[in-house]
Amino acid sequence: MVSLVKFLDGATERLGVLRDGAVFDVAAPTVEGYGDPVVALIRQVGDDAAAITPTGPGRPLDAVTLTAPITRPSKNVLCVGLNYHAHAKEFSSSGYDTKREPSGKPAPTHPIVFTKAACTVTGPYSDVVVPWDVTNEVDYEGELGVVIGRGGRGINKENAYDHVWGYTVINDVTARDLQRNHAQWFLGKSIDTFCPMGPAIVTADAVDPEALRLQCWVNGDLRQDAVTRDLIFDIPTLIETISASVTLEPGDVIATGTPQGVGIGFDPPRFLKRDDVVRVEISGLGHIENRIV
């Protein structure tokens, strides 16, 4: 098991592994151009995550500032919508679903895939900075993130887990008014800092991705509580579906969808406000916690 992190050493971003509440340095590979050192490391070690060797004395976790484990994937963050039955139902009845006709059977028949721009990615404990002149209907979506290790095109479900390097925690923050007004979700999903991620990438050998508990709190109020076995389309199906069209590459991130309990599921909706704090936790992966500013 490896929990891979990025952290700040002064103004310098470094790689590390998290062990027993301490962060140990890891030698970063050479990165050319606008590349991500974690993506380069995943390419370098491939399936042999045990080859990542920590060095030096550990630093207490509370003495460093963790940043997002991957900030520059090869493409935008790949996201899946309406992938839990109860959430699909609450979204269908919310008045914000402009994509599909009301049918009484709101669950999709095929995975709904969209992207968040890479500029949305921010640290696990960083502020989410809202442009309040652009949106005032900001929502939270706690999600399991899948990090690709071995790339490929046309990956079969049967082999899909062989292509997963690890898992992380994501909050797919969404401007619901933009999502509704523009119909296509990209603008509502892609505001800068609207994708907190982390605190680490936990390697696949230590995770049962079908038995994880996902919880989300707003100001200490539990809003979302689900298990990943309830995904409508499981991880192998998502990888097969996406890779049928798109070549997946090491370090690509797939956000697998959010469960019931988002702000628009309430009557009236409970949108986020300035100084709200959103915490997303997934068993075995840790938590992220972000203030809305």
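Rules used throughout
- Residues numbered from 1 in each chain as written.
- Predicted model: local features only at pLDDT ≥ 70, side-chain atom pairs only at ≥ 80, totals over all residues.
- Heavy atoms only, no water.
- Helix = DSSP H or I, 4+ residues; strand = E, 2+ residues; numbered from the N terminus.
- Salt bridge = Lys/Arg side-chain N within 4 Å of Asp/Glu carboxyl O.
- Buried < 20%, exposed > 50% of the residue type's maximum accessible area, 1.4 Å probe, protein only.
- Contact = heavy atoms within 4.5 Å.
- Polar contact = N/O pair within 3.5 Å; in protein donor to acceptor, adjacent residues only side chain to side chain.
- Pairing = 2+ DSSP bridges.
- Axes fitted to C-alpha atoms, helices over the stretch in contact; angles between N-to-C directions.
- Core = buried A, V, L, I, M, F, W, Y, C linked by side-chain atoms within 4.5 Å.
- Arc of directions from axis to C-beta.

> Could you give me a rundown of unusual backbone geometry, with the residues and numbers involved?
In the segment running from G198 into P199, the intervening peptide bond is cis, with an omega of -5°. Along the chain, P199 falls in strand 13 (residues 195-203). Following D267, the chain continues into P268 via a peptide bond in cis, with omega recorded as 0°. Along the polypeptide, P268 turns up in the loop between strand 16 (253-255) and strand 17 (277-282).

> Requested: an account of the pattern of salt bridges, with residues and values cited.
On inspection of all chains with the given rule, the structure shows 23 salt bridges. The salt bridge partner of R150 is D47, with a shortest N-O separation of 2.7 Å. Within this pair, whereas R150 is found in the loop between strand 10 (142-148) and strand 11 (164-171), its partner D47 is found in the loop between helix 1 (37-45) and strand 4 (54-60), the two being separated by 103 residues in sequence. A relative accessible area of 57% places D47 in the exposed class. Note that D276 and K273 form a salt bridge whose closest N and O atoms lie 3.7 Å from each other. The class of D276 is buried, set by a relative accessible area of 7%. Within this structure, K116, D139, E141, D172, R176 and K189 form a network of salt bridges that share partners.

> Requested: an account of the environment of T71, with residues and values cited.
Considering the arrangement of structural elements, one finds T71 in the loop between strand 5 (65-67) and strand 6 (77-81). For T71, the contacting residues outside a window of four places in its chain are K6, D36, A118 and V121. A polar atom in the side chain of T71 sits 3.2 Å from the side chain of K6.

> Describe the pairing of strand 2 (residues 12-19), with residues and values.
Relative to strand 2, strand 1 (residues 3-9) runs antiparallel, the two being bridged by 6 bridges. Bridged to V5 within strand 2 is G16. The turn linking strand 1 back onto strand 2 is made up of 2 residues, and G10 within it adopts a positive phi angle of 65°. Adjacent in sequence and paired antiparallel, strand 2 and strand 3 (residues 22-26) are bridged by 2 residues, among which D20 carries a positive phi angle near 50°.

> Which residues make up the sheet that holds strand 18 (residues 286-291), and what values do they have?
Taken in spatial order, the 4 strands of this open sheet run 15-14-17-18, and their pairing is antiparallel. Each edge of the open sheet is held by one strand with a lone partner, namely strand 15 (221-227) and strand 18. For this sheet the average axis-to-axis angle between neighbouring strands, irrespective of direction, equals 10°. Bridge count for strand 14 (residues 213-218) against strand 17 is 5 bridges, and the pairing is antiparallel. Across the sheet, V218 pairs through a bridge with V278, a residue of strand 17.

> Could you give an account of the nonpolar core, with specific residues and numbers?
Y167, F194, I239, I254, V278 and L285 are the most contacted members of the largest nonpolar core, which has 39 residues in total. Contributions of two or more residues to this core are made by strand 6, strand 10, strand 11, strand 14, helix 5 (235-245) and strand 17. Aside from chain neighbours lying at most four places away, what touches V278 is Y140, N171, C216, W217, V218, L272, I288, E289, N290 and I292. Among the nonpolar cores identified, the runner-up in size contains 34 residues, and L4, V26, I42 and I52 belong to it.

> Which residues make up helix 2 (residues 85-92), and what values go with them?
For helix 2, every residue scored as buried is listed here: H87, A88, E90 and F91. One side of helix 2 holds all its buried residues, which, seen down the axis, span an arc of 165°. Of the exposed residues in helix 2, those oriented more than 90 degrees away from the buried face are H85 and K89.

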